[in-house]
Every structure is written in structure tokens, then in C-alpha cells.
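Report on the structure
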Amino acid sequence: MATVPAAAFLEPRWPIPIRRGTVGGGSVRTGAADGPLPPPRSAIASPRCDEREPFAERFRSGACFAAPLLCALTSSSSRRVRRRTAALSRRLLGRVRRHATRDRLQDTEIRAAMQLPPEALEIVPGEEVAVGRDSRSDLRGTWLNLFRNSAPYIAMFRNTVMVFHIPGHLLNDTRSKELEGLLGDITLCTLLGVKPVLVVAIEGRILQRAAAEGLGGKGGAPVTLQSLPYEDEVLRMVKEEVGIVLAELEGVLGRLGRYVQGRRRSVGPSPVVEKAADADDEDETSFHVYASSMLVSAAPFRTTDGVAGGLLGRVYKVDVQQIRRRLQDNDLVVLMPVGTCAGGDVRCVSSEQLATEVAKQMKAAKLVFFTRGQHFVDTRRRGLPVATIQVKDASEWVKYAKEKPEILQDELARELLSYVELLIEALASGTRRGHLLDSLQGSLLQELYTTDGRGTLVSQDLYDGLRLADASDVSGILHLTMPLVERGLLKKRSGYEVERSCSSREMFVWKRDDQTLGCASLECFDDAPDMAELGCFVVSEACRGKGHGTVLLAYIERVALLQGLRTIFLLTTQTMQWFEERGFRSTSVDKLPECKRKSYDVTRSSKVYMKNLDEIPSSVMERFSFVEVDTLE
């Protein structure tokens, strides 16, 4: 095989037409020519050939100086070398052509390619839709119904205070995806108008570090806040952990807050004036996290026999006014379970108890505890998750659980038990709702802004006072229905008819403090055993617009399910839209039971509406009534 002399790689074998290239900004010399080489003709003719030549020009200039190398390799007698040289030449020339094409692309051509010319627009008629098919389904998808169903909750929760307890198991790694996803959901809630207060549990980190440094827990006993001595070394460790966690949370929230497009403002009469007034303020796209050790006052914890609790303290006072001011400024308030005593001593308090106290004193709309995945199921319904539990039922379960050793010995069950006890305490002091759900990303949004939710909602007994009517309720029912009868909105019923409905257990009444808040009847038919008529549906005028009607309807629907009914219908002349929003659909008179068709009053021209109770599970229907009436007084 012939060898290629080394000089062949350095000296050209023919005159090179382009002898200079600005590779890296310097001059390249070829051959043995002395002095500066004249510029190539193409470079002189190019109006863009200057010290900042584009990449294509530099690439072309550099490619010319590879010619001697290619020539030398081509002259070799080795067949393998020639094949490799040919492939290298093709690739090199292809790159030159591509870069030359890119270099010739002008701005006008780019703009023309990105514009939509008028001759490209054409008007075509809409496609015919088959009978029974929704023409909007293909175009809009499933997100439309989801957005429409969430809109009432978004409006309902605007400017409401919600307290979120961030559990300690998420803080072991503050860069975890689960914590970042949860904080992202809370940040999105602030964009939707929620006033969030975060209570962070750092007890676990303090105890882990104390155990690692050998503080407390002498004699092999586990380290607790009560066993930690009140010493300078322990206080230094606590302050360091508080600062570390707070700094990490602020970093995560600050990064997530960049997605919030500007500060929210309450709707005012003149946004332009508001903009001018805030012109000198700081950047409106900033996201503020407010945390201060002065928001919580603590007191030393003492047992029933007067023994001091070491580092452990109890919540003495919460600066509610300062928290409200910060929330009005659209800040996200973060509370650490550390408080200052009257003498300046620092004490650690229970984060769960602190969250409960904040919710109680601020009369929060929500108190949310995030679990590690454990949740309630109903064994009567084949182990389905419990969507809603009333305070009365929750209290009975707490009593039951404290008598069961298998529950008390399970760590996850004990944790859920403590959460339920705190929620009962908060709801008894003015908090509207309590929630138990997991901390996965999206769970909070699904719990707050969807009908079926994600976890378990704990609520007051909204059905308190609802019961079957008896003969003593006849006068109250007649007094309640008389104004609507006089206006022609309700069919007139005599005292005898109402009393007969009461005796046949078809009339229901809602009474509180001897006042009738509402009534409704559920009449069954022999020729249609799975259908019933919802009639005499009336809510007191003082209770309208506050959610009482929804609660009454949900109660009747649950009774209908217990009776084995599958469909309920009603006749109405005025309130069609209200019932349509709650699942009723318009139908013809022919769908009514035969005995009802015979007694149908044609002169009233009542519309017939039906609802299939099998379409919505009872747990979801019950939860819908509880969630929607957050403003119930």
C-alpha cells in the first residue's frame, strides 16, 4: 500500500481560488506565499463580509483549506482511503450547501412564511350532526364541563381564609416532588382568590437532629419535645432548623410564584386609577411569603401534676389581626410551630394544635390536614371511600376508636384519629369545614374545586332539624306555603291534604327553634313503584339564597334512595332553572305514571322535570350538598 508523504497534508497541489478565511478572526496562510493574501472574490462581493462574518461564510472559507487534505488523500492508491475520502467530501460539501441556503434566507422571506395570506382562507359550511350526538363534544372535549363545574367553587372560595397543615414527612426532603407539587397547588389557590395560611410541622426534623446529636432521650428512651432539656444548645438547634426550613420553603414558593401573573386585586370601580396609585410600588409580579416569630405566643407546657414539659409549650395567643392584614396584602402567611413566652423564652408547640387554633380564632372556611395516604372507607358500601362525614358521626367514631387497641396501636390510625379530634374541635368553634386528604399533587385542587372531591370532608350536621312531619306540623306547613299559593306559584293544599300526607309519612319538615324553615313531600305511586313525585318544595323566605334548598333536596334524594326509588319527578311553573342546575331534565307528560297523568292540571301548564337517582352515587350527591352550602347560616 502506498504511503502518503506528510508534506502532502501541508502543501497544496494546485492554486487555491479562495486563499484567506477569517476563521476565529485571524488570517490563515497556505503554501509558501509571503505577506497578506488577497481576499477572495466572493468575500469582496458579499455586503456582509466584515469582522462579524456569519457562520456560513466562515464555514465556506474553512472548507477551502481542507482541499489540500482531500487532494492528498484522494491521490493515495489505497482503495479504503479513497472510499473514506469520498464520504468525507460528500458530507463536507453537503454541510456547505445547507449553510449557504440558510445564509441566503432573508428577513422578508421569514416574515412571509409566518404570515397567513388571505388567499389561503376559505369558508366551509358546518358538518351535519347526527341525532342524539352533541356537536360540541369533539370540539371542546371534557375540560369544558370540568371548568363549568369548578366555576361555582372558585367564586365561592374567593377571599376566604384556609389553613393548611404541612405535615412533617414532606419536610424530610424540601426538594421532593411531592412537597413542590403540594405547594404549587396552594400557590394556584392563591391565584384563584384563596387567602392561605400555612402551618409547617418541623417537630420531626428537630427530634431527628436531637437524636443525631445525642440531646435528650437518655437511657434509651425515645426523644420527644418533653424530654428535650431547655438548654442553650437545644435552643440553638431549634432556631437553626426553623431558619433552614423557612429559607427552603421561601425558595420553593418563590420559584412557584413566578407563575402567578401579577398580584391579585379586588375588583374595583376604576382599575386604571388603581394602577396609577400603585405605579411607585415594587414589582407587581413578585410573590410575597410572610413569616414571623411574633405571630404566635406560647406558654410553658405543664402536665396535670405540675411537671414542666421541657422544650414543649402550648399555644397561648395568635396575632390574628396581623395575619389578616398580611392576607389583605395578598401575602402567603407561613407559621412555624415556635412561639415566644412572656419572659422571652422560646417554646416549641404542636403544629397540629397551632393550625387548629389559627382556624378557630380566624373563623376559617377550611382547615386541611394532609395524611400519608390513610383514609376512611365504608364497609357497608363494599369498601368505598367516605366522601363526607358529619361531626356527630365523627365524634361517635372517636369514642369507638379509643376503645379499640388495634386502632391505637397503629401509627397511621392514631395520626388520623388525632386529626379528626382536632377537626371536631375546630368546627365547634366556628370553622366551616375540615378536610382529610393525601398530599399528592392535584389532590388539593380536586378536593376544593370538584363535586366528588378527593378525600374526606368533615362538616356540621346540616340535616339537623329535618324529619318526617306529623300532625303538629300542619299549621306551620300551611303558614309557610300560603304566600306562594296566593301568588299562584304553588298548588293549593287544604289542611286535610297536608295532614293526610303527614300521616302517610310522605311529608317532611325542617324546623329549628319551633320555626319551620322548609318542607317537601315525596309521594309514591302503586303503578310506578320505582318513581315518586317531589312536591310542596318550599323554603322559608328568610333562608332563601343561603343553601337551605340544596340541603333539603339532598335530604329528600337520600330518603328516596333508601326507599329503593330510582326516579323522582316534579311539576313546576317558575323554578325550572334551579332544578336543572341540580340534575333534573325536562320531559313530557307521557313519562308520568298513569294515575298522575289523569290528575294532571292542564290549566296550570306545569313543566315536568325528572331526575335519575342512579346516575349519581349517594356519597357524591351527599357531598355535593355539603360543599355547595358553605355559606349556610
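As a starting point, this report considers the structure included with it. (Residues numbered from 1 in each chain as written. Predicted model: local features only at pLDDT ≥ 70, side-chain atom pairs only at ≥ 80, totals over all residues. Heavy atoms only, no water.)

Some points on the environment of S503
Within the fold, S503 resides in helix α19 (residues 495–503). A relative accessible area of 57% places S503 in the exposed class. Between the alpha carbons of S503 and D470 there is a distance of 6.6 Å; along the sequence they are 33 residues apart. A polar contact is formed between the side chain of S503 and the backbone oxygen of R500, at a distance of 2.8 Å. (Helix = DSSP H or I, 4+ residues; strand = E, 2+ residues; numbered from the N terminus. Buried < 20%, exposed > 50% of the residue type's maximum accessible area, 1.4 Å probe, protein only. Polar contact = N/O pair within 3.5 Å; in protein donor to acceptor, adjacent residues only side chain to side chain.)

Points about the packing of aromatic side chains
Each aromatic ring pair is specified by the distance between its two centres and by the angle formed by the two planes. Tallied over the full model, the rule gives ten aromatic pairs. Note on F369 and Y419: the rings are 4.6 Å apart at their centroids and 10 degrees apart in plane angle, and the pair reads as stacked. Taken as a pair, F369 in strand β9 (residues 366–371) and Y419 in helix α16 (residues 411–427) lie far apart in primary sequence, 50 residues in all. Grouped by ring-pair contacts, the aromatic residues F537, W578, F579 and F584 constitute a single cluster. Stacked on the ring of W578, the Lys or Arg R582 has its end atom at 4.0 Å from the ring centre. (Phe/Tyr/Trp six-rings, centres within 6.5 Å; stacked < 30°, edge-to-face > 60°. Lys NZ or Arg CZ within 6 Å of the ring centre and 35° of its normal.)

Describing the pattern of salt bridges
In the structure shown here, the tally under the stated rule is 22 salt bridges. As a salt-bridge pair, R209 and E241 come within 3.1 Å of each other at their nearest N and O atoms. A residue pair is termed long-range when its members are at least 10 positions apart, and R209 in helix α9 (residues 203–212) and E241 in helix α10 (residues 232–256) qualify at 32 residues. For R209, a relative accessible area of 18% puts it in the buried group. According to the relative accessible area criterion, E241 is buried, its value standing at 7%. (Salt bridge = Lys/Arg side-chain N within 4 Å of Asp/Glu carboxyl O.)

Quick notes on the layout of surface pockets
Estimated volume of the largest pocket: approximately 1400 Å³. Every residue lining the largest pocket is counted, 50 residues in all, and those nearest its centre are L490, L534, G535, C536 and F537. Those elements that provide at least two residues to the lining of the largest pocket are α19, β17 (515–525), β18 (528–539), α20 (548–562), β19 (567–572), α21 (576–580) and α22 (594–598). With seven residues, β18 is the largest single contributor of residues to the lining of the largest pocket. Its residues assigned to classes, the lining of the largest pocket shows 18 nonpolar, 16 polar and 16 charged. (1 Å grid on protein atoms, 1.4 Å probe; cavity = no way out; pocket = protein on both sides within 12 Å on 5 of 7 lines; lining within 4 Å. Points joined across faces, edges and corners; volume = space filled by probe spheres on them. Nonpolar A, V, L, I, M, F, W, Y, C, P; charged D, E, K, R; others polar.)

So yeah, pure geometry; function would need other evidence.
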